[in-house]
Every structure is written in C-alpha cells, then in structure tokens.
Amino acid sequence: MIMKNKLAAWIFWTVLLSLFLLATGLFSLGVGSSEVTLRGLISAITQGRNAAGYSILFDIRLPRIILGFAVGGSLSLAGVILQGMFRNPLVEPYTLGISGGAALGVALNIVLRISGHFGVLSLPISGFLGALIVSFLVYFLAVKKGTFRTDSFLLTGVMISFISSALMMLLMALSRSEDLQGIIFWMMGSLEEPSRLLLRSELIVAVLGLLASYLFVFDLNAFGLGEEEALHLGVNTERSKRILFVLAAVLTGFAVSVAGIIGFVGLVVPHFVRMFLGGDHRILLIGSFLSGAIFLILCYALARIVIAPLELPVGVITGILGGTLFVYAVSKKRI
Amino acid sequence: MLQVKNLSCGYGKKIILRDVTFQVKEGEVLGIIGPNGSGKTTLLRAITKVINPSRGEITLKGKNVGRMDFQEFAKTAAVVSQTLPGGFVTLEEFVLLGRTPYFKRFQFFETENDLRVAQKAMMLTDTWGLKDRFLEEMSGGEKQLSLIARALSQEPSLLFLDEPTSHLDIAHQVYILDLIRRLNKELSLTVVMVMHDLNLAAEYCDRLLLLREGRVHCAGYPKEVLTYQTIEEVYRTVVVVTDSPVSGKPHIFVVPSEQRHNP
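Computed from a predicted model, the values in this text were never measured in an experiment.

Undergrad: Any chance you could explain the overall build of chain A here in plain terms?
TA: Looking only at helices and strands, chain A has 15 helices and two strands in total. Restricting the contact set of chain A to residue pairs at least 6 apart, pairs at least 24 apart contribute 78%.

Here's what the structure looks like:
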C-alpha cells in the first residue's frame, strides 16, 4: 500500500515539475529584447528556417535554455548530494570552495591560453580538475585523526573559497586586457552559449550525474541518520562518501566551467525542495534537479527582461534572488 | 554466536582496549559493565565495524567480521546506539530504513516483504499505533522504542544495545528491559548490551562482562561478577551487596561516606 502511495507521489511530483519545466522553457523562449508571441513561436516551429524569429529562438535562446537546464540541474543536484552527505544545510559547491576551485582552473586555462591549443573541451576539463583538487584539499584538511568533522569542513571550504578568489584576482591583475574581459564576464556567470560541443558534454554530464546519484539513493537516506548509524545499516560509508564527493565535484566542475560561477542555486533550491517534498532522497534528487533547472531558466528569462534590451549576467540574478529567498525562509522557520 | 579473541584497539595512537577475549553464546543476554572510560562503548564499536581493531580477531557465526562487508554484517547484527533520533520523519519511514541492507542496487521502492517486516517490528515494540507520528514529537521512551523497532526490522540474530536505558525514567527502564528479555525469548535473539546501572544489569542479563581500564576484569553469572570485593576493587567505591528479595539476583547498595565509620 505504502509502496504504491510512494510510487504515485513520485510520479506526481516528477510529472508536475517536468510540466513546470516545460512551461518555464516555453516562457523563456518567448521573452527577451525581441518579444516572440505564442503564434510566432508556433509559426517558427511549423515553418522552419524561413520564419522571422527562427534564428533568435533556436540558435540563440534554445541552446541557452538547454544550458540553463543542465547547469541548474547539476548545481542543485550537487548541492542536495553534499547536504545529504554532511547533514548540513549550508554545505553546497559554492560554500565548499568547489566552485571557486573550478573557476580558478578555468581562469588559468584562459590566461595560459590552453584552450587555444587544445580546443574548447579543455575548459570544462580544467574546471573539473580545479574542482577536484579543491575538493580533495578541503576533504583532507577536514579529516583529523581519522575522524571527519563537518564544522571544520565547512570552515576550510569557505577559507579555500576566499583563497581561490584572491588567486583569481591575482591572475586578473596579471593578465592581458582581452583575457581580462573574458574572465570577468565568465566569472559573473552567464549562459552565453559557448559551443555546441560544450553544451552537449554538459548536458550529458548532468543527465549521467543524475542517474549515477540514484545508485546511492539509499546510502543518502541512511546518511540522514548520521554516519555511524548509516554504517550500522550496512552502508560502506567511506566508499559512498568518496564516490558522492567526486560526483558532486564533477557536476560542479563542468557546470562552472561552462557557465561561470552561478551561486546559490545549489544552496537555495534543495532547501526549498526539502521543505515541500520531505527528506526522502528518492524524490529529493530528481525534484532538486528539475527545480534547479526551472530556477535557472527562470532567472535567465529575468536577466533578459530586467534591463532590456541589455542582458544581465544570470549569476547576478540568482545571487540576489536566491540569497533573498533564503534569508526569508530562514527567518520564517522556527528553529 | 560471537567470539572475540585477543582484541586490541583504540583511536590513533591511544590504545583503549587491550587483549580482550570473550564469547557470546547463542540465545543469551550478555551485559557489558565497567566504570566510565573502561572501554565499553569502544568494544561495541570495534565489534560492529565502526573502528578497526589493531590486533585480534572477531568471529560472528563462524565468519571473520573484519572480512565481512557492511551489508552482510547489518543483516546479521543490528545496533541500537545511545543517541536518540529526531527530525521530521515518520516512525514508519524511520523503521523502514532498517531494511536498507536488504535493498538491491537497482531497487527503488520497498517490497511488500519489507513493509511486513517493518510492521512486525513496530507491533513487537508496541509502536504500531505511532507509525504516522514524527519522531520529533515523540517522548524519550518512544524514541528508544523506535530505535529498537528499526534494529528489529534488520531481522538480526544478534542485537547490540548501548546503554538502552540511560535517558529514561524507572518505569521506562523496566519497560524497555522487559521488552528486550521478551524479544530474547520469543525471537531467540542473542543480545549484547552495554549497561551502566549494575542492579538493572544483574536483573536482566544472563551473564556479565566486567571491563576495567580496557581489559576484561572478569566474566560470569551476575552472582559471580557482582561481589562487593570485585565492585570495590574496580569502581573504588564502598558498597554492600545482598540478594534481591524479589529475584534472588545480587543487588548493590551504595554506602555514603558518612555511614562508613559508624556501622
């Protein structure tokens, strides 16, 4: 009985969020410096390349929406995984310095012009390496005398985050002006479409990451009881933690290197999803992924409306909107 | 059921347990007692694979525990830890987490059997009526029962409890320990529990293991272990031991220092 209820609830929320995602996508496709009405949208779809707004819609906006889907989903999923593992609502790729590490990796890549020699795919790879190095650094600094401490973990993460942004500034001070502009714009977080190849690889990583996270869904549920309890329930906690950590680093590294630093998605979205859907990771993982995608696509639409015809970097919107929402939620909650 | 041979272990360089050897027979209730810091909880953590022994061997049902994987171990032995749970999770969800070791990698929902086992565990602990309540709203006694229910849903043949009565009043202490004895009889569940209260340990355990500074001081029936000489030596406190008029088990009376000189 309860099993059927759970399945029904799972399907209900997944379908509802997917519909919402679709609606957001269509809305985002329509708004911007050149408005496209629903009729225009339909005619663009039916008439193909010859229609008036076709290239705006499908060559500029659609790829960014797809990127918003993949990046928003990835960051939110990474957040929910880290929070589940460490039982701390403040843990997310951004606060742990993983985003900062990825950013540093990409900035180095730009300044050293590695991508010029090795192609655009070297960008996400250097971002991923940066994320991974920082992750391991934070992890090993927080492990003391064989036991793991979440509080020092968080503190180390924040400090590493500061150090990486200081190093970023150092890089920027030393770099040539044409690189500088690239770094700055990329740092603010944007869904400017980089290349089809990057877009495709980010999408693949996001979806594979979601699937992979489901292999550890019961481990995450058990982690909710505390690490020692999870161990008593037969979870190989050390192994699960390591794999989940790498998974979060991969998701973040790719997302950051494709779209820049987009903060707060990994913190705010899982928090709200948890409030509405409860603590069961079976629904939480997909719920956070879809909600993160919705949130980022919506922010992207806002970024184009607010000071149209100019576009704001999407990271600015997520930062302001997400931060405000979070402060509001925390102040309302009885603790 | 369980053999511990020459076990030594600790945290980092600090050695807590030295050369501990004992065994637990099938179907018995063994109590682990000893002063604070004597290594009771560490012993439990070493047996349940939380910390790795630096020396010695632990065998459960003939298998080397060090070589068992966590999942296999969790199907045979369940642990009721000292910290009470909380949070906004319903009792039923919480008890169902005890089925975690039985999930296959690609299984997504609980099976009918999982639900049956969880229901039985809640029936046995008399918590079935609370199944939709949140843990956050429960009393200390109810939380303790929910921990036991979760452990039972692992379908263990060996149950470890770490001071199961430490947060409870006297009525709940008796209730929980009666329950443990009943489970021991009805499910022929072997029980190992760390006990703080010597009188409760004497009443409810078949045999006792007394630890002192990380070594086994002595082991045996309550009558053999809980003599005034042993207690005064290990706990360095003056006591008087007589038999309980109710059960005939040993019962310990403390002697306040004012009483010591004028008997």
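Undergrad: Before we go on, may I ask you to explain the environment of Y102(B) in this structure?
TA: Here Y102(B) shows up in the loop between α3 (91-96) and α4 (112-124). If sequence neighbours within four positions are ignored, Y102(B) has contacts with K75(B) and D114(B).

Undergrad: I would appreciate a short explanation of the pairing of strand β2 (residues 14-24) of chain B in the present structure.
TA: Sheet faces and side chains relate simply in a regular strand, where the side chains alternate between the two faces. All names here are of chain B. Sheet analysis places strand β1 (residues 2-11) next to β2, joined by seven bridges and oriented antiparallel. Considered in β2, the bridge of G10 is made with I15. The hairpin turn running from β1 into β2, its antiparallel successor, is two residues long, and G12 in that turn takes a positive phi close to 65 degrees.

Undergrad: Can you help me understand the sheet that holds strand β9 (residues 207-212) of chain B in this one?
TA: Whenever strands of a sheet pair, they do so through backbone hydrogen bonds, lying parallel or antiparallel. Residue and element names in this part refer to chain B. Ordered in space as β6-β7-β8-β3-β9-β10, the six strands form an open sheet in which the pairing is mixed. Since the sheet does not close on itself, it has two edges, and those belong to β6 (77-80) and β10 (215-220), each with one partner. Adjacent strand axes in the sheet meet at a mean angle of 15 degrees when their direction is disregarded. Inspection of the sheet shows strand β7 (residues 158-162) paired to strand β8 (residues 190-194) by five bridges, in the parallel sense. The residue of β8 that forms the bridge with L161 is M193.

Undergrad: Can you walk me through the sheet that holds β1(B) in this structure?
TA: Residue and element names in this part refer to chain B. Reading across from one edge, β2-β1-β4-β5 is the order of the four strands in this open sheet, with antiparallel pairing throughout. In this open sheet, the two edge strands, each paired with only one partner strand, are β2 and β5 (63-64). As defined by bridge partners, strand β4 (residues 55-60) adjoins β5 across two bridges and the pair is classed as antiparallel. If you follow L60 over to β5, its bridge partner there is K63. In this fold helix α1 (residues 40-47) packs onto β1, β2 and β4, with an angle of close to 70 degrees to the strand it touches most, β2.

Undergrad: Could you clarify how one ought to interpret the nonpolar core in this entry?
TA: It is characteristic of soluble globular proteins that their nonpolar side chains tend to be buried jointly. If you look at the biggest cluster of nonpolar residues, it comprises 159 residues, and the most contacted ones within it are V71(A), I81(A), A248(A), L251(A), I297(A), I32(B) and L159(B). Among the elements that take part in this core, helix α14 (residues 281-305) of chain A stands out by supplying 16 residues, more than any other. Those residues within four positions of L251(A) in sequence are excluded, and the remaining contacts are S74(A), L77(A), A78(A), V205(A) and G209(A).

Undergrad: Is there a simple way to think about the packing of helix α13 (residues 265-277) of chain A against helix α15 (residues 314-332) of chain A in this case?
TA: For any two helices packed against each other, one specifies the inter-axial angle together with the distance between the axes. All names here are of chain A. Interaxial distance between α13 and α15 falls to 9 Å at its minimum, and their mutual angle equals 40 degrees. In terms of their interaxial angle, α13 and α15 are classed as oblique. Helix-helix and strand crossings are classified by hand; for α13 and α15 the assignment is left-handed. Between α13 and α15, the contacting residues are V265, L267, V268, H271 and F272 on the first element and T318, G322, L325, F326 and A329 on the second. Grouping the constituent residues of the contact of α13 with α15 by class yields seven nonpolar, three polar and no charged.

Undergrad: Looking at this structure, I do not really get the interface of chain B and chain A. What am I missing?
TA: The parts lose accessible area when they come together, and the size of an interface is often stated as this lost area. Taken together, the contacts link 24 residues of chain B with 21 residues of chain A. Partitioned by chemical class, the residues of the side of chain B that touches chain A number 14 nonpolar, six polar and four charged.

Undergrad: I would appreciate a short explanation of helix α9 (residues 196-214) of chain A in the present structure.
TA: An α-helical turn contains 3.6 residues, so any two residues separated by three or four positions project in the same direction. Residue and element names in this part refer to chain A. The end-to-end C-alpha distance of α9, which contains 19 residues, comes to 28 Å, matching closely the 27 Å that a straight helix rising 1.5 Å per residue would cover. Buried within α9 are the following residues: E202, V205, A206, G209 and S213. One face of α9 carries all of its buried residues, which in axial projection span an arc of 100 degrees. Opposite the buried face of α9, by more than 90 degrees, sit the exposed residues R196, L197, I204 and L211.

Undergrad: Mind showing me how you'd approach the pairing of β6(B) here?
TA: Residues and elements named next belong to chain B. What you see with β6 is no split at all: A77 and V79 on one side and A78 and V80 on the other are buried throughout. Alignment of β6 against β7, held across four bridges, turns out to be parallel. Residue pairing across strands places A78 opposite L159, the latter belonging to β7.

Undergrad: Looking at this structure, how should I read unusual backbone geometry?
TA: Residue and element names in this part refer to chain B. At D126, a residue that is not glycine, the phi angle is positive and equals roughly 60 degrees. When you line up the elements, D126 lands in the loop between α4 and α5 (140-152). Overall, the presence of 13 C-beta atoms within 10 Å leaves D126 in the partly exposed class. Positive phi, close to 50 degrees, is recorded for E155, a residue that is not glycine. For E155, the location among the structural elements is in the loop between α5 and β7. On the neighbour-count criterion, E155 (17 C-beta atoms within 10 Å) is partly exposed.

Reading guide: rules and limits
- Residues numbered from 1 in each chain as written.
- Chains lettered and ligands numbered in written order.
- Predicted model: local features only at pLDDT ≥ 70, side-chain atom pairs only at ≥ 80, totals over all residues.
- Helix = DSSP H or I, 4+ residues; strand = E, 2+ residues; numbered from the N terminus.
- Contact = placed C-beta atoms within 7 Å.
- Pairing = 2+ DSSP bridges.
- Axes fitted to C-alpha atoms, helices over the stretch in contact; angles between N-to-C directions.
- Core = buried A, V, L, I, M, F, W, Y, C linked by C-beta atoms within 7 Å.
- Buried ≥ 20, exposed ≤ 12 C-beta atoms within 10 Å, placed from the backbone.
- Parallel < 35°, antiparallel > 145°, perpendicular 65-115°, else oblique.
- Left-handed = near helix turned anticlockwise from the far one by under 90°.
- Nonpolar A, V, L, I, M, F, W, Y, C, P; charged D, E, K, R; others polar.
- Expected span 1.5 Å × (residues − 1).
- Arc of directions from axis to C-beta.

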